[in-house]
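Coordinates in review
These are the residues of each chain, in order.
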Amino acid sequence: MVISKNMENLVAGSSVIRKLFEEGLQMAQIYGADKVYDFSLGNPASPVPEKVHEAIKDVLNNNSDAYVHGYMKNAGFEETRQAVADYLNKSFGMGYGGEDIVMTVGAAGAMNCIFRAILSPEDEVIAFAPFFGEYKNYASNYGGKLTVVPADTDTFDLNLKELDKNITEKTKCIIVNNPNNPSGRIYSKETIEELGKIVDEAEKRVGHPIYILCDEPYRQLAYDGKAVPYIPSIIKNSIYIYSYSKTLSIPGERIGYLAISKNADCYDELIGAFVVANRCLGYVNAPSLFQLVISRCQDVTVDLDFYDRNRKVLYDSLTKLGFDVVKPEGAFYLLVKSPIEDCDKFVELAKEQHIIFVNTMTFGCPGYVRIAYCVDYEMIKRSINAFKQLAIKCGISS
Ligand SMILES: Cc1ncc(COP(=O)(O)O)c(C=O)c1O
């Protein structure tokens, strides 16, 4: 084998979601694209806001090629970092300076920079189930281990009762993804305050800081006016991670950032290490054109109604058909409990109806499937009859 042992394992367990997505493409060729209902991937279908298109033109028309397309500081353009800091300060009453922001290759790039900076082999990262499966791979890139706090399937809230016993001397950070992929749950201010108390006590016990990584690519996708607390304003040792992939529908552009407040323990060490990690990992800097674009689009978000309409019709229709559905409060995913014992079989039965969704086993939450409803509304409407057939096959509807 020419590839490393670690890579061998990664290839063997290669993304189930991606495989399903490819299966969906094949099915579309066989049955016709309008007869396949692919809910596998979190690839946003909502149109890119017009302001983003205008900003692209503005950047290209009003700057030199050398500025727009050249190398820059590894942390990113100063004007972009300042625009991000101003936005966070205005929105959440923070006191960030541009120097506290590092522009990254999406949230994934930010997370890799952070792990590169803080993890030594065998160090532990905690995630609450259900969690975005890539966390495990990102931690393992640097020899880190993911410790999973089991899901509280009664509420899908952060399972704080189970947290403390999972914190050890090796725990470096705890990931909190709010709103959550895949449950759509939004964790409240009270829950975050409670988390802060537990982590405070644990830090005293283990004798070093434990950072909260606030992974928030879905922050603006919150329905019914529900508030998403800004964790760094509640917990001092927080590192904020944001991405424009979902909220501007531009995942292919790979643009996001990390932010750390000067109040966080070991700020100086960390911010320097994050910038060097961005370079050493080979990212060098976040994509330059889109850094300049997003600095002009801080107040812009995709049309929330696009997803809210999908959320409502799917939740109502599936509930009526007898499925046990977790009502999403944010993001664009919906969890459905498998109505039969064997969840893999449920996924297969769905495929027979040309419905594609993923088993959330890889999200640390067996017995459920995730429906990514970031798709066209017309496809959802067409899919309802297929869901009806599925409900009949599963014996929950007649
Ligand atoms: C919870 C969560 N975190 C991070 C990411 C990575 O996003 P990005 O495209 O910004 O790298 C995703 C993407 O689906 C996600 O769902």
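See the structure above.
Since the structure is predicted, the reported quantities are computational estimates derived from the model, not experimental observations.

1. Focus: the overall build of the chain
Check the secondary structure of the chain and you find 13 helices and 13 strands. In terms of overall size, the chain behaves like a compact globule, its C-alpha atoms giving a radius of gyration of 21 Å where 398 residues would be expected to give roughly 21 Å. For the chain, the spread of C-alpha atoms along the principal axes amounts to about 65 × 55 × 50 Å. Going through the 398 residues of the chain one by one, you find that 55% of them count as buried. Contacts in the chain between residues at least 24 apart in sequence constitute 73% of all its contacts with a sequence separation of at least 6. For the chain, the exposed area adds up to about 17,100 Å²; of that, 50% sits on carbon and sulfur atoms. On the chain, the mean spot of the 42 positive side-chain charges and the mean spot of the 51 negative ones are 2 Å from each other.

2. Here we look at the nonpolar core
With 51 residues, the main nonpolar core has L88, L163, I174, V176, L195 and Y257 as its most contacted residues. No other element matches the 6 residues that helix 8 (residues 189–206) contributes to this core. Apart from residues no more than four positions distant in its own chain, L88 is found in contact with G93, M94, Y96, I101, Y230, Y240, Y257 and A259. Core analysis: the second largest hydrophobic core is formed by 41 residues, V313, F332, F387 and L390 among them.

3. Brief notes about unusual backbone geometry
Each neighbour pair has its own omega, and for A129 with P130 the value is -5 degrees, a cis peptide bond. Here the residue pair N178 and P179 is connected by a cis peptide bond, since its omega of -15 degrees sits within 30 degrees of zero. In this fold, P179 is placed in the loop between strand 5 (171–177) and helix 8. At E122, a position not held by glycine, the phi torsion is positive, near 80 degrees.

4. A word on the site of the ligand
Of all residues adjacent to the ligand, which total 14 residues, the nearest are A107, D215, Y218, S243 and R254. Residue A108 places a main-chain N or O atom 3.0 Å away from an oxygen atom belonging to the ligand. Taking S243, its side chain carries an N or O atom lying 2.6 Å from an oxygen atom of the ligand. Considered on its own, the ligand offers 400 Å² of accessible surface; in the complex 92% of this is hidden by protein. Among the elements that line the shell around the ligand, the one with the most residues is helix 6 (residues 106–118), at 3 residues. Grouping the amino acids of the shell around the ligand by side-chain chemistry returns 6 nonpolar, 5 polar and 3 charged.

5. Considerations on the side chain of N166
In this fold, N166 is placed in the loop between strand 4 (145–149) and strand 5. Within polar-contact distance, the side chain of N166 engages the backbone oxygen of E162 at 2.7 Å.

6. As for the pattern of salt bridges
With the rule as written, the count across this model stands at 25 salt bridges. Taking the shortest distance from any N to any O, the salt bridge between D34 and K35 comes out at 3.6 Å. When its relative accessible area of 39% is taken as the criterion, D34 is described as partly exposed. For K381, the salt bridge identified is with E378, shortest N-O distance 3.8 Å. Separated by 3 residues within a single helix, K381 and E378 lie in helix 13 (residues 377–393), roughly one turn from each other. One salt-bridge network, in which partners are shared between bridges, spans D157, R185, K226 and E329.

7. Things to note about the packing of aromatic side chains
Two measures describe an aromatic ring pair: the distance that separates the ring centres and the angle between the ring planes. In the structure shown here, the tally under the stated rule is 19 aromatic pairs. Consider the rings of Y240 and Y257, whose centres lie 6.2 Å apart with planes at 50 degrees: the pair is tilted. Here Y240 is found in strand 7 (residues 238–243), whereas its partner Y257 is found in strand 8 (residues 256–260), with 17 residues between them in sequence. Ring centres 5.0 Å apart and planes at 65 degrees place the aromatic pair F332 and Y333 in the edge-to-face group. The exposure class of F332 is buried, given its relative accessible area of 0%. Among the aromatic residues, those joined into a ring-pair cluster are F92, Y230, Y240, Y242, Y244 and Y257. Geometry around Y377 places R309 over its ring, the cationic atom sitting 3.7 Å from the centre.

Scoring rules and cut-offs
Residues numbered from 1 in each chain as written. Predicted model: local features only at pLDDT ≥ 70, side-chain atom pairs only at ≥ 80, totals over all residues. Heavy atoms only, no water. Helix = DSSP H or I, 4+ residues; strand = E, 2+ residues; numbered from the N terminus. Rg over C-alpha atoms; globule rule 2.2 N^0.38 Å. Buried < 20%, exposed > 50% of the residue type's maximum accessible area, 1.4 Å probe, protein only. Contact = heavy atoms within 4.5 Å. Areas by Shrake-Rupley, 256 points an atom, 1.4 Å probe, with all protein chains shown as cover. Lys, Arg positive; Asp, Glu negative; His and termini not counted. Charge placed at Lys NZ, Arg CZ, Asp CG, Glu CD. Core = buried A, V, L, I, M, F, W, Y, C linked by side-chain atoms within 4.5 Å. Near = heavy atom within 4 Å. Polar contact = N/O pair within 3.5 Å; in protein donor to acceptor, adjacent residues only side chain to side chain. Nonpolar A, V, L, I, M, F, W, Y, C, P; charged D, E, K, R; others polar. Salt bridge = Lys/Arg side-chain N within 4 Å of Asp/Glu carboxyl O. Phe/Tyr/Trp six-rings, centres within 6.5 Å; stacked < 30°, edge-to-face > 60°. Lys NZ or Arg CZ within 6 Å of the ring centre and 35° of its normal.

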